[in-house]
Each structure stands twice: as C-alpha cells, then as structure tokens.
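Structural overview
This is what each chain is made of:
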Amino acid sequence: MDLLLEVQHQLNNSSQWHFAKRIVLAISGGVDSMVLLYLMTEVNQRLPEDQRKEFFIAHFNHHLREDSDLDADLIRKVAKEYNLPYFFGEWSQPAERDVESQARNARYAFLGDVVKMTDSDTVMTGHHSNDLAETMIMRLIRGTSLRGLGGIRSEYHRVLNDNFEGGVRVQLVRPLIFWPKDTLYQYAHQHQIPYREDYTNLDDHFVRNRIRQHIVPEMLEINPKFLDNMSTLSDQLYTSYRVHLENYLKIEPELLQVSPQGYFILNVPRWQALSQAELHVYLGILFDERLRAVVEKYSKSLIEQMIDLLMRRQDANIQVDIASGWVAQRSYQEVYIYQLQMRTSLNEMNEIKRVPINEWVRLYNDDFVGVFEIAQLNKLLEDDRIQYYYEMTYQQYHQLKIRHRHPGDRLKVASKQGKYFHKKIARLMIDRKVPRNERELYWMFLDDADQIIATVPPLSHPIKLDTLKPETELVLAYKKKYRTL
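Residues numbered from 1 in each chain as written. Predicted model: local features only at pLDDT ≥ 70, side-chain atom pairs only at ≥ 80, totals over all residues. Heavy atoms only, no water.

What follows is about the overall build of the protein. Within the protein one finds 17 helices and 20 strands. Against the compact-globule benchmark of 23 Å for 485 residues, the protein has a radius of gyration of 30 Å, which places it well outside the compact range. Among the 485 residues that make up the protein, the fraction classed as buried is 48%. Long-range contacts, defined as pairs at least 24 residues apart, comprise 67% of the intrachain contacts of the protein with a sequence gap of at least 6. Only carbon and sulfur atoms are counted for the fraction: they give 48% of the accessible area of the protein, which is about 25700 Å². (Helix = DSSP H or I, 4+ residues; strand = E, 2+ residues; numbered from the N terminus. Rg over C-alpha atoms; globule rule 2.2 N^0.38 Å. Buried < 20%, exposed > 50% of the residue type's maximum accessible area, 1.4 Å probe, protein only. Contact = heavy atoms within 4.5 Å. Areas by Shrake-Rupley, 256 points an atom, 1.4 Å probe, with all protein chains shown as cover.)

Further remarks concern helix α4 (residues 68-82). Its 15 residues place the ends of α4 22 Å apart at the C-alpha level, agreeing with the 21 Å of an ideal helix rising 1.5 Å per residue. Among the residues of α4, Ser68, Asp71, Ala72, Leu74, Ile75, Val78 and Ala79 are the ones counted as buried. Buried residues in α4, looked at end-on, bunch into an arc of 160°, giving them a common side. For α4, the exposed residues set more than 90 degrees away from the buried face come down to Lys77, Lys80 and Glu81. (Expected span 1.5 Å × (residues − 1). Arc of directions from axis to C-beta.)

Moving on, we get to the sheet that holds strand β13 (residues 367-373). Taken in spatial order, the 4 strands line up as β12-β13-β20-β14 in an open sheet, and their pairing is antiparallel. Of all strands in the sheet, those with a lone pairing partner are β12 (361-362) and β14 (386-392), marking the two edges. Note that β12 and β13 share 2 bridges and pair antiparallel. From the neighbouring strand, Val361 faces β13, where its bridge partner is Val369. (Pairing = 2+ DSSP bridges.)

Our next topic: the packing of aromatic side chains. Aromatic rings in a pair are described by how distant their centres are and how their planes are angled relative to each other. Taken as a whole, this structure holds 9 aromatic pairs when the rule is applied. Judged by centre distance (5.5 Å) and plane angle (65°), the ring pair of Tyr248 and Tyr282 falls under edge-to-face. Of this pair, Tyr248 sits in helix α10 (residues 226-255) while Tyr282 sits in helix α12 (residues 276-290), placing them 34 residues apart in sequence. Across the pair, exposure class does not vary: Tyr248 and Tyr282 are buried alike. What links up through ring pairs into an aromatic cluster is the set Trp360, Phe368 and Phe372. Stacked on the ring of Trp17, the Lys or Arg Lys53 has its end atom at 4.9 Å from the ring centre. (Phe/Tyr/Trp six-rings, centres within 6.5 Å; stacked < 30°, edge-to-face > 60°. Lys NZ or Arg CZ within 6 Å of the ring centre and 35° of its normal.)

Structurally, Ala103 is set in helix α5 (residues 99-118). In this structure, the C-alpha to C-alpha distance between Ala103 and Gly143, residues 40 residues apart in sequence, is 21 Å. Discounting residues that sit within four places of it in the chain, Ala103 has contacts with His62 and Trp91.

Judged by nonpolar contacts, the single largest core of 34 residues is most densely connected at Trp17, Val35 and Met124. Every element with two or more residues in this core is listed here: α1 (3-12), β1 (22-26), α3 (31-45), β2 (54-61), α4 and α8 (181-190). Tallying contributions element by element places α3 first for this core, with 9 residues. Ignoring anything within four residues of it in the chain, the contact list for Trp17 reads Leu11, Asn12, Ile23, Met40, Val43, Leu47, Lys53, Phe55 and Met124. (Core = buried A, V, L, I, M, F, W, Y, C linked by side-chain atoms within 4.5 Å.)

Another point: the side chain of Gln10. Looking at where Gln10 falls in the secondary structure, it is placed in helix α1. By relative accessible area, which is 19% here, Gln10 ends up buried. Not counting the four nearest positions on each side in its chain, Gln10 is found in contact with Arg174, Pro175, Phe178 and Trp179.

So, on to the pattern of salt bridges. Here the idea is simple: oppositely charged side chains can pair when their charged atoms come close. Inspection of every chain in the model, using the stated rule, returns 16 salt bridges. Between Arg76 and Asp73 there is a salt bridge, with its nearest N and O atoms 3.2 Å apart. With a gap of 3 residues between them, Arg76 and Asp73 both fall in helix α4, about one helical turn apart. For Arg76, a relative accessible area of 28% translates into the label partly exposed. (Salt bridge = Lys/Arg side-chain N within 4 Å of Asp/Glu carboxyl O.)

Laid out in structure tokens, this is it:
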C-alpha cells in the first residue's frame, strides 16, 4: 500500500479539499503529525501550480514534560526546510485538574488564533484510526450521547474558540483517520521522517493512555480488524445521527424558539405530541446542537428530568437545574431555558420612555408594541400576527404613561354579558396562564388619571376593527414574534 497515493485519492474525493485555500497544519512533533506534514507537502507539490494550497504550521507547547521544547526545535527546523510559515504557542499555566480536557481546550484556542491571523479556512490534524477507537471507548466509559459515541469525524465544521474575540468557524479535516498508527510508523521509517516520542503517552495516570496501552491492544489480539470495525461503527452511528438531526430540523421551528437575550423557549404542547422515542432523541439533539455551549456534558437523568418537566399535566411552574447558573423552568405551556442572571437584567434592557407613532418598538422577548394612525391599519392587517386592542385619540396619546406592573394593579375588563368591572392584573395573569417569570416584565399603559387602560402583552380581549368608535384616531397594536433558530 502506498500511503501517499491513498491519501491523495481520499482528498481528491473531498469537496472540502477542493474548497480549501489556506490550511493550518496542527503539528505536535509526534509521528502522526509529522507524517501528515510530509504527506500534505507531497500532495500539494503534485497539484497544478494554480491549485496549490497555502500551508501554515501551528505548534502548541503544553509544557507537560521536561523535554517539550525539543519538539518545538524539531518543528522549527522542518518548517524552515519546507519553507513554511510557523506559529508557536504555549500553555503558560498548565491545569492541575482535568488536564486532558483543559489541554485540548487551550490547544484549540491557539489554533483559533492562528486561523484568524492567517485568514485560513481549514485546520488539519494527524488523528488516526487508533485515536478514533480510543475516543469511542473513552466516551463509552464516561457516558455520552448518540452524537458523541460516533467518535471523531474525518471532516466537519467547527467553531474554534480563540483567545480574543470569541470564535472562528473552520472546516476540520483529518486525512489520516482511516489508517492505524502502526502504518504511520512504518511510513515514517521508510521515508526517514523525523519525529519525537511523547513519553507521557505511557503514563497510565491518564484514561486515554490506559485505553491505548491495554484495552486497544487486547481488542486487536482478539480481532485484528478491530480498528476497521470501529471505523465502520463510527460511520453507521454518524449516519444514524444525521437522519435524526434532519428529521428534528424539519420541525424545530415548532419545538424551539430563542429570545434576543439568548434564552430558549420550548413549546410544551408540541413536545408532548412527540412519541417517547422522538422525545428522548430530540432532547439529546437539543443539548448537542443548541445548548452545547451551556451544557458540555449531560446525563440520562437530566434527559429524564426534562421529559418530566415537559410531560407534567399539573404543577406547571417547576424548575430543573441543567448546568452551572442555567435552569429550565416550566411555565404552563412553555419551558424557558435561561441563565439566572438574565432575569435580573431584562427590566433594564427593556426600558421604554414613549411609544412613537407609526413605529414598532421591540420588547424583551421579541414582542412588539406600536401606536398607529387609522390610515396605517390596512397595511398592518397584512400581518396576521398583530392584535389591535385599544383605541385612543391624539390627546390621550400625549397623556399616556408607561411603566411595569405594581402590586394591586387592576384593569377594566368586560364580562360575557358586556358589563365592565375592574379585576386584579395578578389574577388576570393567572387566568391567562402567564409564565411566572414573565409577569414583572409586562408593560402597563395608564391614562392621565393613572388608570391602567391596556397592558402589553394584552390581558384583555383585542378589539374588533369593524367596531371602531368614530372618535378613534390611534390604535395601540401588539404583535408577538419569536425568532426561530
């Protein structure tokens, strides 16, 4: 087998390879990344000159062993031989706990920095089939989702968090993922490719090392095709997840909405209409695809708590802690997923002094309120999401006062018999099943006698346009529009 021809053939079938222009090579100095560097420069040389890629070498020194500076020396030497630009980063304060995870995060943040500095579109790493099997086993041991069990992909889009502005989206490519590490060793020896061995890989203190040194060799002894089988299983799991994801995305706008402040709203009746299987799978997708930055890891018990939260028919106002500072709160027909500190800032973010005429004012959760002249109504009627619920004159408009709810506030409402009476707004909110965490954010519109004439959102029934009073000059309008993902 000619590894160079195999990798070249694989890349020729990759749309991302044809798309890539500027590529960051993540080079550690180990045999896998050094073989990657050699192969990619060879493949590049075989391309027509106008199709060649621009490569940048990125090396991150974790300072987890005494001789790590020698890795940088080797890479610097090889980079000069290949005439490639190189970037070095280092972990100035290595973590004392959860070292594997923290080291990976620091490394990828550095890669994000390099991607931004070089305006690159692709990052390549030297992961091989042993890495894939080790990752799948490690996640199986620790617990993972269907998405996570599929291991690491040969190509996928990823947002790399950098050390400055927050993140950059790139394509991550692993050209060696289908070949075992033994093959890379053989190729390095045949072509005299220099590399450095990391002796910390023999330290059984780390979980991955125990899997690498003991479990994988045992599996290979039982079945020499173990790595091939794990690769096949990874593809099957990934394909299965993609099918579920595509089905979920078709109905996601019905299931999930997001506010401008970044909290999520689940539509309880729509989730309740799902089958039990769909409920479990789609909640997993919600956490994996939408809440990953909030909940890096989640358990079966958290999924079960969320199902209980969604499926309850009584005790509507309950709450589940889903991550540090984040909660899921059921309020009647909606579940809000938000960071606790969000609730304290919404009033400040939502101050309005006056509603201008013929303009929409956006409120905290994508609600809109506006005062419109009668001449504007026909145009507004084209949007069936709008409710019209209070008539006024210009004089009343200029005397209008706006504030949030106070204890004891009352609103004039009509009975079924057409008689008017005042009812406590707190009771109206309960009757209308207003979520508890939304009640203090309602706007009260008061006349010159400090009487509440309307609320936003409305707590009284909208007026009918065909019954507008002759003296009506303006209409207070309201519409609710959540943004879907």
